[in-house]
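# Fold and geometry: a report
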Amino acid sequence: MVERWRKETHCFNFREGECTITHKDIAILTDLPIDGDVVCVDSTPPPKVVANMSGWQHFIWTVTGLCPPEKGDHDADGHPPLSKGQVSITWLTAEIRRKHYPEFGGIPLTEESSERDKDIYARIYILGMIGGVFFPKKSNNLISNSWLKIILCSWDDMGNLSWASACLAHLYRSLCNAIARAVKEIDGAMFIVQFWAWEHLPWIAPKVEPDKEWGPDHPLRHEAYGCR
């Protein structure tokens with residue numbers, strides 16, 4: 001699929017003609033909203049406001065309740081928790097497990113948990129979805145701290161953003177970068193390319209359950225189409 005991508009037209013070039021992934025495809029496959037404000041990421045480092053924390057350390061603590069060390073420690077994948085304006089998803093995941101999973105010595109998140117803990121847990125989950133699913137880097141582990149400024153927005157402001165447009169733009173850029181002769185890896189939401197190809201190129205698609213079996217009690221009946 002990547003070899004058939006043409007960056008001049010943002011289309012896949014087949015013998016029968018050209019076609020491409022659209023906003024509608026993203027919306028149906030992922031259930032991300034199309035309408036809304038533009039997703040605009042600000043990469044300006046925050047100012048230092050606490051003596052014993054850098055600007056990014058304090059900002060990450062504000063969003064996640066966790067303070068990554070800048071030097072010394074490394075996560076399970078060998079990456080520092082905080083480096084060059086990026087935070088390790090592996091480190092965040094390990095810290096959340098240590099805090100909220102009993103098998104790791106933590107206190108489970110329940111209905112009785114504080115609103116602060118629930119809010120932090122939800123924001124870290126969304127941060128992981130952004131950095132590991134919809135806008136992943138080639139490392140598949142590091143996420144730009146710039147996303148934290150969006151994650152810190154109110155829930156209404158976050159929900160009113162056009163996430164499908166941002167995901168599609170990022171996917172287009174990833175495909176355009178990947179066709180360069182010297183490039184050997186690709187980032188971006190490649191699962192969307194895979195699902196789109198299965199839907200539009202049936203000869204490469206796996207066999208799936210017929211629609212008649214997707215009754216109202218099926219666990220994936222009301223999920224995004226890509227989940228099926």
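Our subject is the structure listed above.
Rules of the game
Residues numbered from 1 in each chain as written. Predicted model: local features only at pLDDT ≥ 70, side-chain atom pairs only at ≥ 80, totals over all residues. Heavy atoms only, no water. Pairing = 2+ DSSP bridges. Helix = DSSP H or I, 4+ residues; strand = E, 2+ residues; numbered from the N terminus. Contact = heavy atoms within 4.5 Å. Axes fitted to C-alpha atoms, helices over the stretch in contact; angles between N-to-C directions. Expected span 1.5 Å × (residues − 1). Buried < 20%, exposed > 50% of the residue type's maximum accessible area, 1.4 Å probe, protein only. Arc of directions from axis to C-beta. Polar contact = N/O pair within 3.5 Å; in protein donor to acceptor, adjacent residues only side chain to side chain.

The strand order across the open sheet formed by three strands is S4-S5-S6, and the pairing between neighbours is antiparallel. Only two strands of the sheet have a single partner each, and these edge strands are strand S4 (82-83) and strand S6 (142-144). Of the pairings in the sheet, the one linking strand S5 (residues 86-88) to S6 comprises three bridges and is antiparallel in character. In the strand pairing of S6, Ser 88 is matched with Leu 142. The strands touched by helix H3 (residues 89-100) are S5 and S6; relative to S5, the strand with the most contacts, the crossing angle is about 45°.

Bringing H3 into the picture now. Over its 12 residues, H3 extends 16 Å from the first C-alpha to the last, a length consistent with the 16 Å expected when each residue adds 1.5 Å. For H3, the set of buried residues is Ile 89, Trp 91, Leu 92, Ile 96 and His 100. Buried residues in H3, looked at end-on, bunch into an arc of 160°, giving them a common side. Tucked inside the fold, the buried residues of H3 contact helix H2 (55-64), S5, helix H4 (115-134) and S6. Regarding H3, its N-cap is Ser 88, as a side-chain oxygen of that residue lies 3.3 Å from the backbone nitrogen of Thr 90 further along.

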